[in-house]
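Per-entry structural report
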Amino acid sequence: MLGGVLMLRLTEQSLLEQKISQLTASTETIALALTSTSANPGSRIDSDAALQLLKRLPEKFNYESWWLYDADLNLLASFNLSSVTPFSAARLQQVRLSGQSLAATDFPSLLQILGTDAANAHFAWPLFENSRFLGILEIRYSLEDVRYRLLLSQRMVLLYVLLYGGVLVLIGYYLLQRNLIRPARNLLEATENVGRGELETRLPVAGPTEISRLAEAFNQMVVALKASRLETQAHIETLEQTNRQLQQTRNELIRSEKLASVGQLAAGLAHELGNPLAALIGYLEFLKSRVTSADELDVLERSLTETRRIDYLVRELLDYSRPAEDLPEILDPAAELRKSSELLKNQGTFSSLVLADRLPPTLADVRISQHKIQQVFVNLLLNAIHACDSSGTIALTGGTGEESVWIEITDNGCGMKPETLERIFDPFFTTKEPGQGTGLGLAICHRIVEEAGGQLEVNSALGVGSSFKLILPRVLH
């Protein structure tokens, strides 16, 4: 726009200088023609002839008004198209005395080019003949043609400025969107994503230097956050694993203390009660063969029953505390579970229950004592039977993994409470009525499985049923 204004200003000066030069030459030509209208050399100007001459001036001179004065500055003739004011008498007197022409230009400035002021050039030209002053010709020309040309140029400049400015605004808006607004919006969205935990978010490293450096710094920050999160998760997992190991170690220590107590108790009972119980049972058997009274026989039978129960408890304690003496064998656990269930079925244990055998024909071999695994299976099956009512179902399932074999015994019985689940492998813990169990069956099963390098897991829900899962390492041939 500044360039356009400067161009208009230079054009204005050039056009005005050219126009004024043309008008000066035209005025001088008209003045010479007027001096030639005098009838005799040295006489006054013939006003009629001068009037005829001035009226015949061509329209291309674009004059508005003219005045013709004699040597005494008296008005001889005039033509005033625009009702403008001629030069003052003082200024005319100045022309007469100096003998020099007077010119005045009235042209609005560039900033007022849209205004209403008229544009004109006003001349006062002295008339001489042989150095004798004859009068003054005052003539006023219109400069509207110059003004009109400048108006057209100004409109073109304004149109150019508007078009160029519009292009600049569009380009600037596009660059602003691409280099600032869009990266800022992407940064905001990426920050919100990171705030939601999406640490895979990355920003494209592009655009101006500052924006690209900001995107690169953001990406580095996200990478650092991700690394910090992974490190924190690793620490948490390590702490959780350590906590689990501590809990397991604590449970094993508690179980070891209980085992040690049971071992000491069993050893003491075996020593203190074993021989007296054997003798007592022998004496009762002897008395039973000698007594004939029904009442006395009933008393002896009851005594023998309770004594044998004490003997069974002592033997079970000895089995629990005694280290494993049976040599491990390589066997199929599915076959052993079928043998154990068949043994109980032959005794009528499953008479009112449904035993669903869903085991595969064979499973991978495991290394464990046959007597011990049958003891585990019998204990688990008996527990499932006791947990079910007369219409219960016991399901046997199993499978082979890459490094282990699993067998699961599931019942739809009464289930167990969470607090009961936490203590089922503790020695002497039982939910049965007094005299119905010792609380050592599951503890013995758990110890046998652990000695074989396996795990015994349990899942139970009150009113739904229980599931015992035996996991043993498979033999890799």
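Residues numbered from 1 in each chain as written. Predicted model: local features only at pLDDT ≥ 70, side-chain atom pairs only at ≥ 80, totals over all residues. Heavy atoms only, no water.

We now examine the overall build of the protein chain. Along its length, the protein chain carries 10 helices and 12 strands. For the protein chain, the proportion of its 477 residues judged to be buried stands at 36%. Taking the intrachain contacts of the protein chain between residues at least 6 apart in sequence as the baseline, contacts between residues at least 24 apart amount to 65%. Carbon and sulfur atoms form 55% of the exposed surface of the protein chain, whose accessible area is close to 28,800 Å². (Helix = DSSP H or I, 4+ residues; strand = E, 2+ residues; numbered from the N terminus. Buried < 20%, exposed > 50% of the residue type's maximum accessible area, 1.4 Å probe, protein only. Contact = heavy atoms within 4.5 Å. Areas by Shrake-Rupley, 256 points an atom, 1.4 Å probe, with all protein chains shown as cover.)

Picture the strands of a sheet paired through backbone hydrogen bonds; they go either parallel or antiparallel. Read across the open sheet, the five strands follow the order β7-β9-β10-β12-β11; overall the sheet is mixed. Each edge of the sheet is formed by a strand with only one pairing partner; in this case those strands are β7 (354-357) and β11 (455-461). On average, adjacent strands in this sheet sit at an angle of 15° to one another, irrespective of strand direction. Bridge count between β11 and strand β12 (residues 465-473): seven bridges; the pairing is antiparallel. (Pairing = 2+ DSSP bridges. Axes fitted to C-alpha atoms, helices over the stretch in contact; angles between N-to-C directions.)

At a closest axis distance of 9 Å, the pairing of helix α7 (residues 333-346) and helix α8 (residues 370-387) adopts a crossing angle of 55°. With respect to α8, the axis of α7 lies oblique. Note on packing geometry: the crossing formed by α7 with α8 is right-handed. Facing P333, E336, L337, K339, S340, S341 and L344 of α7, the residues of α8 in contact are Q370, I373, Q374, F377, V378, L381 and L382. Taken together, the residues that form the contact of α7 with α8 break down as eight nonpolar, four polar and two charged. (Parallel < 35°, antiparallel > 145°, perpendicular 65-115°, else oblique. Left-handed = near helix turned anticlockwise from the far one by under 90°. Nonpolar A, V, L, I, M, F, W, Y, C, P; charged D, E, K, R; others polar.)

Further remarks concern the pairing of strand β4 (residues 120-129). Burial within β4 is extensive, with nine of its 10 residues counted as buried. Two strands pair when backbone bridges link them, and strand β3 (residues 102-106) and β4 are joined in this way by five bridges, in the antiparallel orientation. Across the sheet, residue A104 finds its bridge partner in β4, namely H122. As defined by bridge partners, β4 adjoins strand β5 (residues 132-142) across 10 bridges and the pair is classed as antiparallel. Counterpart to P126 in the pairing with β5 is I136. The antiparallel hairpin formed by β4 and β5 contains two residues in its connecting segment, where N130 sits at a positive phi of about 55°.

Time to look at the sheet that holds strand β2 (residues 75-80). Ordered in space as β2-β1-β5-β4-β3, the five strands form an open sheet in which the pairing is antiparallel. The sheet is open, and its two edges are formed by β2 and β3, each paired on a single side. On average, each strand axis in the sheet is inclined to that of its neighbour by 10°, with strand direction left out of account. Helix-sheet contacts for helix α1 (residues 2-35) involve β1 (63-69), β3, β4 and β5, and the interaxial angle to β4 is about 35°. Lying over the sheet, helix α3 (residues 89-98) contacts β1, β3, β4 and β5, oriented at roughly 130° with respect to β5.

Another aspect to go through is unusual backbone geometry. For N130, which is not a glycine, the phi torsion comes out positive at approximately 55°. As for its position among the elements, N130 is in the loop between β4 and β5. The exposed category is assigned to N130, whose relative accessible area is 70%. Its identity as a non-glycine residue notwithstanding, S131 has a phi of 65°, on the positive side. Mapped onto the elements of the fold, S131 is located in the loop between β4 and β5. The class for S131 is exposed, based on a relative accessible area of 72%.

This paragraph deals with a nonpolar patch on the surface. Taken together, the side chains of V167, I171, Y174 and L175 define a hydrophobic patch exposed on the protein surface, amounting to about 350 Å² of accessible area. Relative to the assigned elements, Y174 resides in helix α4 (residues 144-195). A residue is classified by how much of its surface remains accessible, and Y174, at 46% relative accessible area, is partly exposed. (Patch = residues over 30% accessible without salt bridge, like charges linked within 9 Å, V, L, I, M, F, W, Y side chains within 5 Å. Salt bridge = Lys/Arg side-chain N within 4 Å of Asp/Glu carboxyl O.)

So, about the confidence of the model for the protein chain. When the pLDDT values of the protein chain are averaged, the result is 81; 85% of them are 70 or greater. Between the elements of the protein chain, mean pLDDT differs from a low of 73, seen in helix α6 (residues 294-321), to a high of 93, seen in strand β10 (residues 404-411). (pLDDT = per-residue confidence, 0-100.)

As a further point, take the packing of α8 against helix α10 (residues 441-451). Working note: a packed helix pair is described by the angle between its axes plus the distance between those axes. Packing of α8 against α10 leaves a shortest axis separation of 9 Å and a crossing angle of 145°. Crossing geometry of α8 relative to α10 is assigned as left-handed. Across from K372, Q375, V376, N379, L380 and N383 in α8, the residues of α10 making contact are G441, L442, I444, C445, R447, I448 and V449. When its residues are assigned to classes, the contact of α8 with α10 shows seven nonpolar, four polar and two charged.

As a further point, take the state of the cysteines. Tallied over the full model, the rule gives zero disulfides. With no disulfide of its own, C388 lies 8.0 Å from the sulfur of C414, the closest cysteine sulfur. Since its relative accessible area comes to 12%, C388 is described here as buried. (Disulfide = S-S within 2.5 Å.)

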